[in-house]
Amino acid sequence: MKYAIMLTLCELLSAKINAPSECNILNTHQQVVQCTQQLSLSPQTWTTYSGYFRDIVLICFAIKYPMEKEILEKLHENITLNQVKNFNILSSQQRYLIQWREEEFKRLDKLKESQLDIFEHVEKTNMYYQRMAHQVELLFETLVLLQNQTELSILQYNDMVSRHVEQVQMFLQDSFLYQAMKIDETLDSLLTKSNTLNQHVERTLLLQEQTVESWNLLTKVKVCIYVICMELILNYRISKENLQMYGTNRYIA
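Computed from a predicted structure; not experimentally measured.

### Describing the overall build of the protein
Line of reasoning, step 1. Within the protein, the secondary structure is distributed over three helices and zero strands.
Line of reasoning, step 2. Walking the protein from its N terminus toward its C terminus, one meets helices and strands in the order α-α-α.
Line of reasoning, step 3. For a compact globule of 253 residues, the expected C-alpha radius of gyration is about 18 Å, and the protein comes in at 78 Å, more than 25% above that figure.
Line of reasoning, step 4. Counting only C-alpha atoms, the protein reaches 205 × 110 × 35 Å along its principal axes.
Line of reasoning, step 5. The buried share among the 253 residues of the protein stands at 8%.
Line of reasoning, step 6. Put simply, of all contacts in the protein between residues at least 6 apart along the chain, 56% involve residues at least 24 apart.
Line of reasoning, step 7. Put simply, the protein shows about 23,100 Å² of open surface, and 63% of that area lies on carbon and sulfur atoms.
Line of reasoning, step 8. Charge separation in the protein, taken as the distance between the mean sites of 24 positive and 29 negative side-chain charges, equals 13 Å.

### Side note on a nonpolar patch on the surface
Line of reasoning, step 1. Residues Trp215, Leu217, Leu218, Val221 and Ile225 make up a contiguous nonpolar surface patch of about 500 Å² in total accessible area.
Line of reasoning, step 2. Residue placement: Leu217 occurs in helix H3 (residues 43-252).
Line of reasoning, step 3. The exposed category is assigned to Leu217, whose relative accessible area is 56%.

### Remarks on a negative patch on the surface
Line of reasoning, step 1. A cluster of acidic residues, Asp109, Glu113, Asp117, Glu120 and Glu123, forms a negative patch on the protein surface.
Line of reasoning, step 2. Within the element layout of this structure, Glu123 appears in helix H3.
Line of reasoning, step 3. With a relative accessible area of 39%, Glu123 lands in the partly exposed category.

### Some points on the nonpolar core
Line of reasoning, step 1. By size, the foremost hydrophobic cluster in this structure holds ten residues: Ala4, Ile5, Leu9, Leu12, Cys23, Leu26, Val32, Cys35, Leu39 and Tyr49.
Line of reasoning, step 2. Looking at this core, the elements with two or more residues in it are helix H1 (2-14) and helix H2 (29-40).

### Points about H2
Line of reasoning, step 1. Helix length check: H2, at twelve residues, gives a terminal C-alpha distance of 17 Å against a target of 16 Å (1.5 Å per residue), a fit within 8%.
Line of reasoning, step 2. Considered for burial, the residues of H2 that qualify are Val32, Cys35, Thr36 and Leu39. An end-on view of H2 places all buried positions within 100° of arc, on one side of the element.

### A closer look at the pattern of salt bridges
Line of reasoning, step 1. Evaluation of the coordinates by the stated rule reveals two salt bridges.
Line of reasoning, step 2. Between Arg107 and Glu104 there is a salt bridge, with the nearest N and O atoms lying 3.2 Å from each other. Remark: Glu104 and Arg107 occur in helix H3; sequence separation between them is three residues, near one turn of the helix.
Line of reasoning, step 3. For Glu104, a relative accessible area of 28% translates into the label partly exposed.
Line of reasoning, step 4. Across the pair Asp159 and Arg163 runs a salt bridge whose closest N-O atoms are separated by 3.9 Å. Of this pair, Asp159 and Arg163 both sit in helix H3, separated by four residues, roughly a single helical turn.

### A few points about the confidence of the model for the protein
Line of reasoning, step 1. With 92% of its residues at a pLDDT of 70 or more, the protein has an overall mean of 79.
Line of reasoning, step 2. Put simply, H1 is where the protein has its lowest mean pLDDT, 73, and H3 is where it has its highest, 80.

Each value, and the rule that gives it
- Residues numbered from 1 in each chain as written.
- Predicted model: local features only at pLDDT ≥ 70, side-chain atom pairs only at ≥ 80, totals over all residues.
- Heavy atoms only, no water.
- Helix = DSSP H or I, 4+ residues; strand = E, 2+ residues; numbered from the N terminus.
- Rg over C-alpha atoms; globule rule 2.2 N^0.38 Å.
- Buried < 20%, exposed > 50% of the residue type's maximum accessible area, 1.4 Å probe, protein only.
- Contact = heavy atoms within 4.5 Å.
- Areas by Shrake-Rupley, 256 points an atom, 1.4 Å probe, with all protein chains shown as cover.
- Lys, Arg positive; Asp, Glu negative; His and termini not counted.
- Charge placed at Lys NZ, Arg CZ, Asp CG, Glu CD.
- Patch = residues over 30% accessible without salt bridge, like charges linked within 9 Å, V, L, I, M, F, W, Y side chains within 5 Å.
- Salt bridge = Lys/Arg side-chain N within 4 Å of Asp/Glu carboxyl O.
- Core = buried A, V, L, I, M, F, W, Y, C linked by side-chain atoms within 4.5 Å.
- Expected span 1.5 Å × (residues − 1).
- Arc of directions from axis to C-beta.
- pLDDT = per-residue confidence, 0-100.

Structure representation (structure tokens):
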């Protein structure tokens, strides 16, 4: 029914006849039934629909073989194209594999060379390790000998230091006694000089007291002389004034 409606719509479109709007969408069975009902309202559309509905099976069988042939040709063409693509891919992969194999062979050669170099380095390392082991043994023996010599030197040094300390102690004791004697002598001398200095200081103080007394006496004498001089000057002035007055009175008389 749906295919008959679709063929009817195609013929109406070719004849430029307006088809019912209910036939625009044919997704459900209800929509197909509504479209059929609208086509039945017009004799022309119904005749076209009924003709296609009656001959739809024959039409399908008529166009089946050409369509199948076209589909098979397209399928064969697609298969051929896919085979060509696959062949190109396989060729590319083969070239890549050949190139990869050549590179791997080159890497293998380099790896062999690296292994040979590593083997040589390992041999050199073993030889160097043996030399180092021998040198370490010699160094250990040297260290043991040096340790023995050091211990002997330490013992000798301790003995020498002990003797030197004893000598220094004896020297310090003698020096202490000598310095004590010198200090006693110096103290005695200082005491003697201190006594002498005290005597001189006492004498100096006595002389200072006498000098102060003499200075005080001299000061008193100077004051007396000054007073006497002032009295004499005053008396002289008075006498002079009296004489002047006496002379004036006599001149007047």
